[in-house]
Amino acid sequence: MKIHLIAIGTKMPAWITQGYQDYAQRMPRACQLLLKEIPAEKRTKNSDVQKIKVKEAEKLLDAIPSNCLIIALDVKGRSWSTEKLADNLQNWMMSGRDIALLVGGPEGLTDNVRQRADQLWSLSSLTFPHPLVRLILAEQLYRAWSITANHPYHRAG
């Protein structure tokens, strides 16, 4: 199974890229984590934010490989514990389908992206900087995999 993390934004700080790569490389071949960066639309003080969101939404949707289960990261989504994420990961792996995780730009996702998604997932009720979301996702996916594989990384008790 491949997990496609499709995110708006490029040119992340080095520590984000390094942290993301560290966790992505730890994932086993059977559960590969792949990042697809989509350049953000240019923003100025006079930008039409709604048009920007629509353009970024089109790019996100176009980047989804065929036959993926689509999970959009959205503040309106369901919050999962790490153990619930591990259960979901196990179910995704058994489904035989690849996964597409969608991370929008600073203004979030459009309604059509939310409607296209099979699931909406909220990482937290806190607001995170978009670069940090990639790192959190990679770490939590690795932690969830470690639970399913009885690997000692996850030690919560």
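Overview of the structure. (Residues numbered from 1 in each chain as written. Predicted model: local features only at pLDDT ≥ 70, side-chain atom pairs only at ≥ 80, totals over all residues. Heavy atoms only, no water.)

Examined against the element boundaries, Thr-110 turns out to sit in the loop between β4 (99–103) and α4 (111–116). Within polar-contact distance, the side chain of Thr-110 engages the side chain of Asn-112 at 2.2 Å. (Helix = DSSP H or I, 4+ residues; strand = E, 2+ residues; numbered from the N terminus. Polar contact = N/O pair within 3.5 Å; in protein donor to acceptor, adjacent residues only side chain to side chain.)

Helix length check: helix α5 (residues 130–148), at 19 residues, gives a terminal C-alpha distance of 27 Å against a target of 27 Å (1.5 Å per residue), a fit within 8%. Of the residues trailing α5, Asn-150 is marked for its positive phi of about 55°. (Expected span 1.5 Å × (residues − 1).)

Below, the discussion takes up the side chain of Glu-56. The residue Glu-56 is located in helix α2 (residues 49–62) in this model. With sequence-adjacent residues up to four places away left out, Glu-56 is seen in contact with Ile-8, Ala-40, Glu-41, Arg-43 and Gly-105. (Contact = heavy atoms within 4.5 Å.)

The tendency in soluble globular proteins is for nonpolar side chains to be buried as a group. Ranked by internal contacts, the top residues of the largest apolar core, which has 33 residues, are Ile-3, Leu-33, Trp-92 and Leu-101. Mapped onto this core, the elements with two or more residues apiece are β1 (2–8), α1 (14–26), β3 (69–79), α3 (82–95), β4 and α5. Sorting elements by how many residues they give to this core places α5 first, with 8 residues. The residues touching Ile-3, leaving out its near neighbours within four places in the chain, are Met-27, Cys-31, Gln-32, Leu-33, Leu-34, Leu-89, Ile-99, Leu-101 and Leu-141. (Core = buried A, V, L, I, M, F, W, Y, C linked by side-chain atoms within 4.5 Å. Buried < 20%, exposed > 50% of the residue type's maximum accessible area, 1.4 Å probe, protein only.)

What follows is about the pairing of β4. For β4, the tally of buried residues reaches 5 of 5 residues, placing the bulk of the element in the interior. Residues Ile-99, Leu-101 and Val-103 point to one face of β4 and Ala-100 and Leu-102 to the other, with burial holding for every one of them. Two elements, β1 and β4, share 5 bridges in a ladder whose sense is parallel. Pairing of Ile-3 across the sheet is with Ile-99, part of β4. (Pairing = 2+ DSSP bridges.)

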